[in-house]
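Chains, contacts and geometry: an overview
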Amino acid sequence: MKFKALIALVLLCAAVFTGCGNHGQGSNHTGDSSDSIPPAVSGSVEDPTEEESLPSEPIMEEEGVIRSKESETLTFFAKWSAVSYNGKKATVTVKVGITCYSISTGKHKGSVTVNGETKTFSTRAIESTTHEKKKFDFAELTFTVDLDEDGLSLMEIDAEWEFEDTEGGSFIESFTASAIIKLPGGEIYVPDTSEEDSQEQSPMEAIFVGDEEENGIPS
């Protein structure tokens, strides 16, 4: 009798163990279900705003300095640089300032125009007396210039410092530094007006033009 009871107990334990195993497998079942999450889709999307890649080295890089001629004791300058990476546009930077031995002046305004685009700057009062020439940096302005891909491009720079003060014993309304520059190359562009001048003037007037300084043309 005890032997039969022991066999029944063993069979009961085996049945319970088998049921637990089937229950665990059912909990891991991943069949079709409305709560299932679809797998993530991998891949890259092209950015339509991505700009055209530019070369690491510029294909054009020029620089130069334009100086004023209003005074022998104070010089207003415009130091420019032009850099292009695609031959279509150039980034032009213009740094303006003065060099002088001594100066005593108040606040002033100024402007730089490159190919018709004008940007302004202002300067603080300056007081300096020395026997050595000093440089005073005023501003650094940036412009964008369109380039002619098929040939020569001209860049016109007009810089002005509204002085309206006395310098070297003379009243000077403003200091100016301007030029037309060839790009690429960086040379100053001088239009050929010889043929036009010869048509406007008689032969005698063309010969006796007088001294440059007497005609108001700075040397």
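Overview of the structure.

Rules used in this analysis
Residues numbered from 1 in each chain as written. Predicted model: local features only at pLDDT ≥ 70, side-chain atom pairs only at ≥ 80, totals over all residues. Heavy atoms only, no water. Pairing = 2+ DSSP bridges. Helix = DSSP H or I, 4+ residues; strand = E, 2+ residues; numbered from the N terminus. Axes fitted to C-alpha atoms, helices over the stretch in contact; angles between N-to-C directions. Core = buried A, V, L, I, M, F, W, Y, C linked by side-chain atoms within 4.5 Å. Buried < 20%, exposed > 50% of the residue type's maximum accessible area, 1.4 Å probe, protein only. Contact = heavy atoms within 4.5 Å. Phe/Tyr/Trp six-rings, centres within 6.5 Å; stacked < 30°, edge-to-face > 60°. Salt bridge = Lys/Arg side-chain N within 4 Å of Asp/Glu carboxyl O.

This paragraph deals with the sheet that holds strand E3 (residues 89-105). Spatially, four strands are ordered E1-E2-E3-E6 in an open sheet, and the strand pairing comes out antiparallel. Where the open sheet ends on each side, the last strands, each with one partner, are strand E1 (60-67) and strand E6 (126-146). Between one strand axis and the next, the sheet turns through 15° on average, direction left out of account. Pairing of strand E2 (residues 74-84) with E3, which is carried by ten bridges, proceeds in the antiparallel orientation.

Here we take up the nonpolar core. Soluble globular proteins tend to pack their nonpolar side chains together in the buried interior. Grouped together as the largest cluster of nonpolar side chains are 35 residues, with contacts concentrated most on Phe-76, Val-94, Ile-98 and Trp-161. Among the secondary structure elements, those contributing two or more residues to this core are E1, E2, E3, strand E4 (108-114), E6, strand E7 (153-162) and strand E10 (175-183). Among the elements that make up this core, the one with the highest residue count is E3 (seven residues). Other than its neighbours up to four places away in sequence, Trp-161 contacts Leu-74, Phe-76, Ile-98, Ile-103, His-108, Lys-109, Gly-110, Phe-121, Thr-123, Phe-138, Ser-174 and Phe-175.

For the structure on display, the rule yields six aromatic pairs. An angle of 50° between the planes, with centres 4.9 Å apart, marks the rings of Phe-138 and Trp-161 as tilted. Of this pair, Phe-138 sits in strand E6 while Trp-161 sits in strand E7, and the two are 23 residues apart along the sequence. Exposure class is identical for Phe-138 and Trp-161. Each is buried.

Reading across from one edge, E5-E4-E7-E10 is the order of the four strands in this open sheet, with antiparallel pairing throughout. Edge positions in the open sheet fall to strand E5 (117-123) and E10, since each of these has one partner strand only. Taken over all neighbouring pairs, the strand axes of this sheet differ in orientation by 15° on average, direction set aside. Direction of pairing for E4 relative to E5: antiparallel, over a ladder of seven bridges.

Side-chain pairs of opposite charge can arise where the charged atoms are in close proximity. Going through the model one piece at a time under the given rule, you end up with two salt bridges. One salt bridge in this structure joins Lys-89 and Asp-146, with 2.5 Å as the shortest N-O distance. In this pair, Lys-89 is assigned in strand E3 and Asp-146 in strand E6, connecting sequence segments 57 residues apart. Residue Asp-137 pairs with Lys-135 through a salt bridge whose shortest N-O separation is 3.8 Å. The two residues Asp-137 and Lys-135 agree in class, both being exposed.

Before going further, it helps to examine the side chain of His-108. Mapped onto the secondary structure, His-108 falls in strand E4. The residues touching His-108, leaving out its near neighbours within four places in the chain, are Ser-122, Thr-123, Trp-161, Glu-162 and Phe-163.

Another point: the pairing of E2. The buried fraction of E2 is high, at nine of eleven residues. Linkage of E1 to E2, two consecutive antiparallel strands, is achieved through a turn of six residues. Count of turn residues in the E2/E3 antiparallel hairpin: four residues, of which Gly-87 carries a positive phi of about 75°.

Keep in mind that these numbers describe shape and distance, not what the molecule does.
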